[in-house]
Amino acid sequence: PGDDRDVAAGRDEAADVATRDHADEVLAAMETLSADDREVIVLRDIRGLSTKQAAKALGISESAAKVRLHRAHARLREAVGS
């Protein structure tokens, strides 16, 4: 009989592969976005800046940064889904 640890390890490995595949898909989708979209996503989601900090870095208002991020996320979801 199989060892439960072997089964769990197999599931963990499969999950790791799926996560890497999804990360590759997201990175490829990021390349299809405009520079503005990529920039706001990187500042907020990757570098962890607050909306206020990202807005200042981008030279735009906080409300404009929120709108830009929302639209960039929508375009990224669409690119990943296609």
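For the structure itself, consult the block above.
Heads up: these notes are all about the structure in this document. (Residues numbered from 1 in each chain as written. Predicted model: local features only at pLDDT ≥ 70, side-chain atom pairs only at ≥ 80, totals over all residues. Heavy atoms only, no water.)

### Topic: helix α2 (residues 35-46)
Working step 1: Every buried residue belonging to α2 is among D37, V40, I41 and L43, and all of these are buried. Summarising the axial view, the buried residues of α2 lie within an arc of 165°, below the 170-degree limit, and thus occupy one face. (Buried < 20%, exposed > 50% of the residue type's maximum accessible area, 1.4 Å probe, protein only. Helix = DSSP H or I, 4+ residues; strand = E, 2+ residues; numbered from the N terminus. Arc of directions from axis to C-beta.)

### What about the nonpolar core?
Working step 1: Of all hydrophobic cores here, the largest spans 13 residues; its most connected members are M30, L33, V40, I41, L43 and L76.
Working step 2: At the level of elements, α1 (4-32), α2, α3 (51-58) and α4 (62-81) are the ones that each hand at least two residues to this core.
Working step 3: Per-element accounting of this core gives the leading share, four residues, to α4.
Working step 4: Once residues within four sequence positions are removed from consideration, L43 is found in contact with G48, L49, A54, A57 and L58. (Core = buried A, V, L, I, M, F, W, Y, C linked by side-chain atoms within 4.5 Å. Contact = heavy atoms within 4.5 Å.)

### Some thoughts on the packing of α3 against α4
Working step 1: Contact pair α3 / α4: the axes reach a minimum separation of 8 Å and the direction vectors enclose 100°. It follows that α3 is roughly perpendicular to α4 by the angle criterion. From α3, T51, K52, A55 and L58 reach across to α4, where they touch E62, A65, K66 and R68.
Working step 2: Considering only residue class, the contact of α3 with α4 consists of three nonpolar, one polar and four charged. (Axes fitted to C-alpha atoms, helices over the stretch in contact; angles between N-to-C directions. Parallel < 35°, antiparallel > 145°, perpendicular 65-115°, else oblique. Nonpolar A, V, L, I, M, F, W, Y, C, P; charged D, E, K, R; others polar.)

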